[in-house]
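Analysis of the macromolecular model
As a plain string of letters, each chain reads:
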Amino acid sequence: MQFSACRFCHEPLRHSLIDLGMAPLSNAYLSSEHLERGEIFYPLHARVCESCFLVQLPEFTTPEQIFGHYAYFSSYSDSWLEHAQRYAHAMIKRFGYGQSSSVIEVASNDGYLLQYFKAQGVPVLGIEPARNVAEVAREAGIETVVKFLGRQTARELRGEKFGADLLIANNVLAHVPDINDFVAGLKILLNPDGVLTLEFQHLMRLMQRNQFDTIYHEHFSYLSLLATDKIFAAHGLVVFDVEELPTHGGSLRVFAHHAENTAYEVTGRVHALREAERAFGLENLQAYAAFGEGVRATKYALLEFLIEAQHNGKSVVGYGAPAKGNTLLNYCGIR
């Protein structure tokens, strides 16, 4: 049997986290005239690398197909805007950014976050691959480059004298199929004394809370601090601080800098979270193998509830169309 290779360390992917069957692309919304046509389904099987413990899905479609025209605008959520504003104020207060600083956000969406730095007089630049979303940011006065970030884009921006004192990559690390090219691009774009911050859903919380519905084709990787440490170290970056956030069912905000930069000591929060992940079993394949048992139990419980509700003449109504719903409905065979 041939195995696919880990997108970070290239080891064969022999071990399963969860096989969720077949599912279409999560945010490929159908128009009314396409409802009677066939839809392409892809295997939704998350595997874990036995070497670096990166959990990942295979790449069936290109990032351009998923993110070239994007349906999600961050500014639609008031709570997310409040989260972004708190972050901007906290970074300005902690690191002292001002008119002589440069803040760059990767996957900057519609300028939802950068607007709060700009309001404080801090120069900003967005990098956003979805042209329709980037145009909204530009109309709001946020300078935005329409590109995917990787080594080439980072070198081009460096050639145009762009560099980041604060480089932001929120909820994007999990969305890139070539994770090495992406992190290498971050390394190039970050100024020598700069700080990089990333937010991403925390794999440990996903597993603890049985959040299998957050696994869908738009996400290529599912990240722990331990795996992120390895990826960053391979590209000359060091994690020096981490915060646990309630967003997306439990996320991490990771702070990093160049390995050559000795300005920041590694905080106790980093050491504590690494130990918590080890205690949970994130460096032990048995913990990953056990995850599927809880997922299957949830599926059976949901189906029993729906069948009983139908027998009792009750209705169940779903509101909204989140990507999570795609996974839940297809895995449970609800249709």
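Residues numbered from 1 in each chain as written. Predicted model: local features only at pLDDT ≥ 70, side-chain atom pairs only at ≥ 80, totals over all residues. Heavy atoms only, no water.

Points about the sheet that holds strand S6 (residues 144-145)
Strand order in the open sheet formed by seven strands is S6-S5-S4-S7-S8-S11-S10, and the pairing between neighbours is mixed. The sheet is open, and its two edges are formed by S6 and strand S10 (237-245), each paired on a single side. Pairing between strand S5 (residues 124-127) and S6: two bridges, direction parallel. Looking across to S6, one finds that Gly 126 is bridged to Thr 144. (Pairing = 2+ DSSP bridges. Helix = DSSP H or I, 4+ residues; strand = E, 2+ residues; numbered from the N terminus.)

Comments concerning the pairing of strand S4 (residues 103-106)
Strand residues, when the strand is regular, have side chains that alternate between the two faces of the sheet. With burial as the criterion, each face of S4 is covered, one bearing Val 103 and Glu 105 and the other bearing Ile 104 and Val 106. In terms of strand pairing, S4 meets S5 through four bridges, oriented parallel. Across the sheet, Glu 105 pairs through a bridge with Gly 126, a residue of S5. Inspection of the sheet shows S4 paired to strand S7 (residues 164-170) by four bridges, in the parallel sense. Of the residues in S7, the one forming a bridge with Glu 105 is Ile 168. (Buried < 20%, exposed > 50% of the residue type's maximum accessible area, 1.4 Å probe, protein only.)

Section: unusual backbone geometry
The phi angle at Phe 53 is positive, at roughly 65 degrees, despite the residue not being glycine. Along the polypeptide, Phe 53 turns up in the loop between strand S2 (42-48) and strand S3 (55-56). Not every positive phi belongs to a glycine, and Asn 109 is a case in point at roughly 55 degrees. Among the structural elements, Asn 109 can be located in the loop between S4 and helix H3 (114-118).

None of the figures reported here should be taken as evidence of function without further support.
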